[in-house]
Amino acid sequence: MPADRISVRPAASAGPAASGTSAPAAVDLLRPAARGITVTAATPPAGSRAALPRPVLVLGIALVLAASVAASVRIGAADVGYADVGRAFGVRLGLDVTPLPPLADSLVWDLRLPRVLMAALVGAALAVCGAVLQAVTRNALADPYLLGVSSGASTGAVAVVVLGVGAGALGVTGGALIGALVAFGLLLALLRRSGPDSVRIALTGVVVGQLFTALTSLTLMASADADTTRAVTHWLLGSMAPARWESVAVCAVVTPLGLTVAWLCSNALDAFAFGADTASSLGIGVRGTRTLLLVVTAVLTSVAVATVGAIGFVGLIVPHGVRFLTGPRHRVLLPCSALVGAVFLVWTDALARSVLAPRELPAGVITALVGVPLFLLVLRRRGAL
Amino acid sequence: MRITVEGLSWAAAGTPVVRDVGLDIAPGETVGLLGPNGSGKSSLLRCVAGLRVPSAGSVRYGGETIRCWDARRIARHVAFVEQSADADGELRVADVVGLGRTPFRSRWRGPDATDRAVVAAALERLGLTGLADRPWPSLSGGERQRAHIARALAQQPWALLLDEPTNHLDVKHQLELMELLASTEQTVLVALHDLALAARYCDRLLLLHHGRLVADGSPADVLTSERLATVFEVDAGLTTDALGHPSISYRGPLRLSSRSPLEGVS
């Protein structure tokens, strides 16, 4: 029986005829018995696609993100200087600085900062979920809402706002989170018999989404007044305005965890490119990996949607744009998508609160308005348009 | 690596596709799997590759049943090349071949020097070195097929299982591929449509008909005009060529029913 590890040489009697005992210099693929040999020959140069080494690229985008967060804290209906931001931080770090007036301090610390951080976390989560679902379903049009999670969230939110389900205890966020998870539970239940086949995931997700969209509309039509409808519509288009430290804390725990799990599945995501059989023949436990990734994306999306609504487009275009930059390998694609998604949403949210200041636009409107031309540009440069 | 199959059956949605197949492939043998469309070649290959769980019977690698093996352990022993597996997206040829290193890579680490050297060797073996940076969609069907086979070699498997790998290849590449398969130390089980290629390059042929193994032996033993008539429904004559391989000349399809297909068309 050939041994299971590369480093162990199989017994010559069981394995293919043993190759010579001296280690050949080149890799002889046609002699599997030679695979214990460590290759010392000069390795070919890495792919020429990325002009920048990958760590530099990741670090570069991370710096852009940090700068974006810092810059966008200043932007909004009320002008805030860097000095003010520094003072708000300094006071909390116990430094000897003059505190801001309570109103300005509250603006910076309780509204602006959680909002910017939330945008970064949600942008990262949505972009990675999009990239993961595009690989899992082998569908370039997949986005985080493909699983019907956002429709479930809106049903939950509407149930709380309009019908008063759960009274005050739940809140819109709690209701939306429960709705999202119920929708995802239904999806998993429907997929239980057939297994998470890539086409079935997409079709079942669409069906679940339609069901919950209908329930939302039904509830709104049946019992909401104009004001409630407008409030709910605003929430549905997505806005960072409801972000507070509590919701940021939840996202700050869930998002990095989910992103790490997804990143650790990078090899599997790459292997899905040629379908389930090829992935399986490459040693991927297809069913288990797909289910794990569905759970991760559903939880990430649910947490994001529950707080800030269904912000469209980030999860669809950011992965495509980043693929153009990094190539399709998920080990690099996922971290870069997370960072670019974060930068993108931080800036679109800054635009959303400053373009028509003091009135605020839904972030989903801006993501589409900014995203569509960017996406067309990417398509054009790839020669697909 | 010896591959042993005993009493293997597999059904798709209640319809039996593979029925009670038993075979034993010695280490290093190159075995061709023949049969008309729908005879169960692909399904049998997938069962042997551990991609389908047989409804009855067993598959053994080197004497050990693979029923309890996980996908990764199987992938370290056997490489499988699907019939025209395709992807959209911007994968480069080197990326595709690099997928063959997946079963040897931990979740935490990217490709290392060994991976890169093996990929380079696999690319070279299939004459793809110059195409390493080409995006997948820009490849011809034949180049894609060769990239898949390079990917399988990058898996450094003990056995290669291939489902009609000569599809899409021009004659030269067909012959090169079959020569490669015949020359490897690896155990090879290859489903083929081209009986002449099978006769020329395989040590042994298996013939499937309606999911059953109806012949198993040397090309000269398996390919007879009676079998070609009953299994493939063709009228063919067999001679032995100068190299001692069976050579087939087709005279035409056999009409098993008395009606010609054009009859009844008014």
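These figures come from a predicted structure and were not determined experimentally.

(A) Examining the pattern of salt bridges more closely. This structure, assessed with the given rule, holds 24 salt bridges over all chains. Here B:D133 ties to B:R92 by a salt bridge, and the two come within 2.3 Å at their closest N and O atoms. A residue pair is termed long-range when its members are at least 10 positions apart, and B:D133 in the loop between α4 (113–125) and α5 (141–154) and B:R92 in the loop between β6 (78–81) and α3 (93–98) qualify at 41 residues. A relative accessible area of 10% places B:R92 in the buried class. When the shortest N-O distance is used, the salt bridge between B:R105 and B:D115 registers 3.6 Å. With B:R105 in the loop between α3 and α4 and B:D115 in helix α4, this residue pair connects regions lying 10 residues apart in the sequence. Linked through salt bridges whose partners overlap, the residues forming this network are A:D277, B:R46, B:R52, B:E82 and B:D163.

(B) Spotlight on helix α2 (residues 82–92) of chain A. Residues and elements named next belong to chain A. Those residues of α2 not exposed but buried are V85, A88 and G90. Looking at the buried positions of α2, the neighbouring elements they touch are α1 (54–74) and α3 (102–136). Phi turns positive one or two residues past the end of α2, at G94, with a value near 75 degrees.

(C) Main features of the sheet that holds strand β3 (residues 30–34) of chain B. Residues and elements named next belong to chain B. If you walk across this open sheet you meet the 6 strands as β6-β7-β8-β3-β9-β10, and the pairing is mixed. Sheet topology places β6 and β10 (212–217) at the edges, where each strand pairs with a single neighbour. Adjacent strand axes in the sheet meet at a mean angle of 15 degrees, parallel and antiparallel pairs treated alike. In this structure, β6 lies alongside strand β7 (residues 159–163), joined through 4 bridges in parallel fashion.

(D) Inspection of the environment of A:T219 at higher detail. All names here are of chain A. In this fold, T219 is placed in helix α6 (residues 198–223). Put simply, T219 and T155 are 64 residues apart on the chain and 8.2 Å apart in space, counted from C-alpha to C-alpha. Here L215 takes part through its backbone oxygen, which lies 2.6 Å from a polar atom of the side chain of T219.

(E) The pairing of strand β11 (residues 234–240) of chain B, seen in detail. In this sheet, strand β12 (residues 246–253) of chain B lies alongside β11(B) in antiparallel orientation, the contact comprising 7 bridges. Paired with B:T240 across the bridge in β12(B) is B:P246.

(F) Structural view of the packing of helix α4 (residues 149–163) of chain A against α6(A). Residues and elements named next belong to chain A. At a minimum axis separation of 8 Å, α4 and α6 run at an interaxial angle of 20 degrees. With respect to each other, α4 and α6 are oriented roughly parallel. Crossing handedness for the pair α4 and α6: left-handed. For the pair formed by α4 and α6, the contact residues are S151, G152, S154, T155, V158, V162 and L163 on the first element and G209, F212, T213, L215, T216, T219, L220 and S223 on the second. For the contact of α4 with α6, the class distribution of residues is 6 nonpolar, 9 polar and no charged.

(G) Structural detail: the confidence of the model for chain A. Residues and elements named next belong to chain A. With 84% of its residues at a pLDDT of 70 or more, chain A has an overall mean of 81. Segment residues 1–25: pLDDT under 50, and 44 contacts once partners within four positions in sequence are set aside and those in other chains are kept. Scored below 50 in pLDDT, residues 36–51 shows 21 contacts in the model against residues more than four places distant or in partner chains.

(H) Region of the structure containing the layout of surface pockets. Considering only enclosed or pocket space, the second largest pocket measures out at about 800 Å³ in volume. As for the second largest pocket, its lining consists of 31 residues, and the residues nearest its centre are A:S280, B:G50, B:L51, B:R52 and B:V53. Counting residues per element, the lining of the second largest pocket draws most heavily on helix α10 (residues 276–281) of chain A, at 4 residues. For the lining of the second largest pocket, the per-class residue count stands at 15 nonpolar, 9 polar and 7 charged.

(I) Representation of the packing of α3(A) against helix α11 (residues 286–308) of chain A in the model. All names here are of chain A. The interhelical angle for the contact between α3 and α11, taken along N-to-C directions, is 150 degrees, at an axis separation of 9 Å. One finds that α3 runs roughly antiparallel with respect to α11. Note that α3 runs across α11; the crossing there is left-handed. Across the interface between the two elements, M118, V122, A125, L126, C129, V132, L133 and V136 from α3 touch R290, L293, L294, T297, L300, T301, A304, T307 and V308 from α11. Across the contact of α3 with α11, the residue classes break down as 13 nonpolar, 3 polar and 1 charged.

(J) Seen up close, the environment of B:S138. Residues and elements named next belong to chain B. Among the secondary structure elements, S138 is positioned in the loop between α4 and α5. For S138, a relative accessible area of 37% translates into the label partly exposed. With 46 residues separating them in the primary sequence, S138 and R92 have C-alpha atoms 9.5 Å apart. Among the polar contacts made by the side chain of S138, one reaches the main-chain carbonyl oxygen of P135 at a distance of 2.7 Å.

Rules used in this analysis
Residues numbered from 1 in each chain as written. Chains lettered and ligands numbered in written order. Predicted model: local features only at pLDDT ≥ 70, side-chain atom pairs only at ≥ 80, totals over all residues. Heavy atoms only, no water. Salt bridge = Lys/Arg side-chain N within 4 Å of Asp/Glu carboxyl O. Helix = DSSP H or I, 4+ residues; strand = E, 2+ residues; numbered from the N terminus. Buried < 20%, exposed > 50% of the residue type's maximum accessible area, 1.4 Å probe, protein only. Contact = heavy atoms within 4.5 Å. Pairing = 2+ DSSP bridges. Axes fitted to C-alpha atoms, helices over the stretch in contact; angles between N-to-C directions. Polar contact = N/O pair within 3.5 Å; in protein donor to acceptor, adjacent residues only side chain to side chain. Parallel < 35°, antiparallel > 145°, perpendicular 65-115°, else oblique. Left-handed = near helix turned anticlockwise from the far one by under 90°. Nonpolar A, V, L, I, M, F, W, Y, C, P; charged D, E, K, R; others polar. pLDDT = per-residue confidence, 0-100. 1 Å grid on protein atoms, 1.4 Å probe; cavity = no way out; pocket = protein on both sides within 12 Å on 5 of 7 lines; lining within 4 Å. Points joined across faces, edges and corners; volume = space filled by probe spheres on them.

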